[in-house]
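Observations on the three-dimensional arrangement
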Amino acid sequence: MSITDSSHALHAAHALLRDNRIAEGLQALTVLANQNNAQAAFDLGNALLMFATDAAQIGQGLQRLRQAEAAGYAPAAYRMAYTSLVEVTETFDWRVLAERLAFCCRQQHPNALCDAAVFFARFGTPAQQRASTGLLELAALRGSTVAMALLGERLAIGTLCDTDPARANSIRRIAAQLGMPVPPPDPQAGFAPPEPATPPPAFDDWDFSALPAAVAAEPGVCLDGPTQLYLHTGFLSDEECLYIKCLGGPDVAPSVSVDENGRQQLNQIRTSHDFAFLPEFEQVYLNLLQRRMAAAAGLPLRQAEPLILLRYTPGQEYRPHRDVLPPSHVIPVEAGGAGQRLRTVIAYLNTPEAGGETAFPLLERTIAAEQGRIARFDSLDADGGTCRTSLHAGMPVKQGVKWICTLWFRQRTHRML
Ligand SMILES: O=C(O)CCC(=O)C(=O)O
Ligand SMILES: [Fe+2]
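Here the structure is a predicted model, which is why all the values come from computation and not from measurement.

Moving on, we come to the sheet that holds strand 9 (residues 341-348). As summarised here, the arrangement of the eight strands in space is 1-2-13-9-16-7-6-3, forming an open sheet in which the pairing is antiparallel. Edge positions in the open sheet fall to strand 1 (221-224) and strand 3 (253-254), since each of these has one partner strand only. In terms of strand pairing, strand 7 (residues 308-312) meets strand 16 (residues 402-410) through five bridges, oriented antiparallel. For Tyr312, the partnering residue across the bridge sits in strand 16 and is Lys402. Docked against the sheet, helix 11 (residues 238-248) engages strand 6 (273-276), strand 7, strand 9 and strand 16, running at close to 90° with respect to strand 7.

In this structure, the largest pocket encloses a volume near 840 Å³. Lining the largest pocket we find 33 residues, and of these Ser257, Val258, Arg270, Leu325 and Arg341 sit closest to its centre. Elements supplying a minimum of two residues to the lining of the largest pocket: strand 3, strand 4 (257-258), strand 5 (264-265), strand 6, strand 8 (318-321) and strand 16. Classifying every residue of the lining of the largest pocket gives 16 nonpolar, eight polar and nine charged. The wall of the second largest pocket is formed by 22 residues, among which Glu153, Asp238, Glu239, Leu242 and Gln371 lie closest to the centre. For the lining of the second largest pocket, the secondary-structure elements that each account for two or more residues are helix 7 (110-123), helix 9 (145-157) and helix 11. Ranked by residues supplied to the lining of the second largest pocket, first place goes to helix 11 with five residues.

Gaps left between atoms are located by rolling a probe of water-molecule size over the structure's atoms. Tallying each qualifying case throughout the model produces one cavity of 30 Å³ or more. Lining the largest cavity are 17 residues, and of these Tyr312, Tyr318, Ile346, His392 and Ile404 sit closest to its centre. Split into classes, the residues belonging to the lining of the largest cavity amount to eight nonpolar, six polar and three charged.

On to helix 5 (residues 74-84). Across the 11 residues of helix 5, 10 count as buried, placing the element largely inside the fold. Taken residue by residue, helix 5 has Ala74, Ala76, Ala77, Tyr78, Arg79, Met80, Ala81, Tyr82, Thr83 and Ser84 as its buried positions. Buried residues along helix 5 sit against helix 3 (38-51), helix 4 (55-70), helix 6 (94-106), helix 7 and helix 12 (284-297).

Another point: the packing of helix 9 against helix 11. The N-to-C vectors of helix 9 and helix 11 enclose an angle of 145°; their axes lie 9 Å apart at closest approach. Along this stretch, helix 9 crosses helix 11, giving a crossing that reads as right-handed. The segment helix 9 lies against helix 11, with Val146, Ala149, Leu150, Glu153 and Arg154 engaging Glu239, Leu242, Tyr243, Cys246 and Leu247. Class assignment of the residues belonging to the contact of helix 9 with helix 11 gives a composition of seven nonpolar, no polar and three charged.

All right, on to the UniProt feature "domain: Fe2OG dioxygenase" (unreviewed entry) in the chain then. Within this numbering scheme, the UniProt entry marks residues 303-411 as carrying the feature "domain: Fe2OG dioxygenase" (unreviewed entry). Each end of residues 303-411 is marked by a C-alpha atom, and these two atoms are 7 Å apart; helix forms 0% of the span and strand 41%.

The rules behind each value
Residues numbered from 1 in each chain as written. Chains lettered and ligands numbered in written order. Predicted model: local features only at pLDDT ≥ 70, side-chain atom pairs only at ≥ 80, totals over all residues. Heavy atoms only, no water. Pairing = 2+ DSSP bridges. Helix = DSSP H or I, 4+ residues; strand = E, 2+ residues; numbered from the N terminus. Contact = heavy atoms within 4.5 Å. Axes fitted to C-alpha atoms, helices over the stretch in contact; angles between N-to-C directions. 1 Å grid on protein atoms, 1.4 Å probe; cavity = no way out; pocket = protein on both sides within 12 Å on 5 of 7 lines; lining within 4 Å. Points joined across faces, edges and corners; volume = space filled by probe spheres on them. Nonpolar A, V, L, I, M, F, W, Y, C, P; charged D, E, K, R; others polar. Buried < 20%, exposed > 50% of the residue type's maximum accessible area, 1.4 Å probe, protein only. Left-handed = near helix turned anticlockwise from the far one by under 90°. UniProt positions renumbered as here; feature names shortened; annotations may be inferred.

Structure follows, in structure tokens:
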């Protein structure tokens with residue numbers, strides 16, 4: 001098949017999937033993938049993983065991703081990189097992760113470049129730190145809107161670059177239109193074209209050997225022994241907080257809760273908006289941040305439910321509750337399931353102007369929502385019963401907006417990917 005023929009065939013397969021003709025779409029992708037079309041193999045792998053309900057189907061999906069990676073297709077290497085960080089389906093090796101990321105960066109994969117920039121800014125050598133703003137420029141030019149938003153903040157503040165308030169203003173305006181929570185433009189400074197005046201400088205120091213430093217973490221200060229309530233301030237950098245908010249912010253939707261009968265419903269207990277980072281929405285650095293949160297929890301990331309991003313606007317709250325699920329929602333450990341929610345980590349991604357504390361009424365403790373800190377606590381006692389003192393509430397936001405993300409850890413492996 002010629003390149004034009006195969007790209008037509010790929011478009012046709014995508015159209016079938018969009019029209020919900022799933023079996024036909026998968027069949028068309030399979031034909032192309034079997035002709036060694038790397039993009040078709042990648043798309044097929046992703047589609048199989050999205051519809052997979054058991055380990056065998058996941059295995060088939062990953063097989064297609066490996067095929068695409070072996071053919072040198074960077075998006076497949078990228079997905080394998082973050083999948084390996086969960087350590088369920090793919091064995092984990094720091095050296096392989098570093099090689100995959102370096103490969104994706106050389107191929108100018110936008111999300112890999114964005115991840116590299118955020119990683120180097122905090123953990124890179126001085127030369128990598130200085131170069132990281134150029135990597136954000138390149139990632140943005142290649143289509144990463146998150147990199148664009150992070151770049152705008154660097155230009156506004158002058159972090160690892162000279163300030164350029166007029167360009168920062170234009171970028172902030174675009175990022176806000178996309179639904180990202182960036183500060184408003186400063187009208188005094190005017191507006192300059194958002195694109196860089198000169199192309200970003202060439203860079204080829206893709207040494208990711210410092211990656212393990214990104215996931216090292218301590219739980220912090222213990223505030224209550226029986227509840228295992230810990231507080232760790234300064235856990236995430238300002239840029240890491242913005243990275244998480246910009247990744248999920250455009251897609252938050254009204255939160256649902258699970259009632260005592262196991263039904264999902266919109267209700268008055270939890271009035272926030274949220275977004276779940278399902279496997280297809282993950283990124284390498286987001287997974288590294290989750291590994292860091294898992295390290296602070298003392299549990300493997302594979303025991304966590306998907307990371308949830310939450311946004312509360314004034315008046316919104318999460319009324320007093322415990323994080324344990326209704327029994328109907330739990331497959332017990334004895335039956336081979338992931339079991340109950342055991343431990344929660346909450347990361348505070350901004351500091352609201354007023355309100356939004358996390359209150360533990362039975363402990364008479366309140367944790368102020370402060371950008372960059374994490375709180376951690378247990379929902380189960382040592383004997384497996386509900387931890388009574390874990391009762392907690394997200395207090396109403398009084399002024400401004402509150403952004404947090406939460407990881408709920410189960411008793412056993414929960415993630416399939
Ligand atoms: O908003 C908060 O401070 C608490 C959030 C919470 O309790 C939860 O997500 O389970
Ligand atoms: Fe909670």
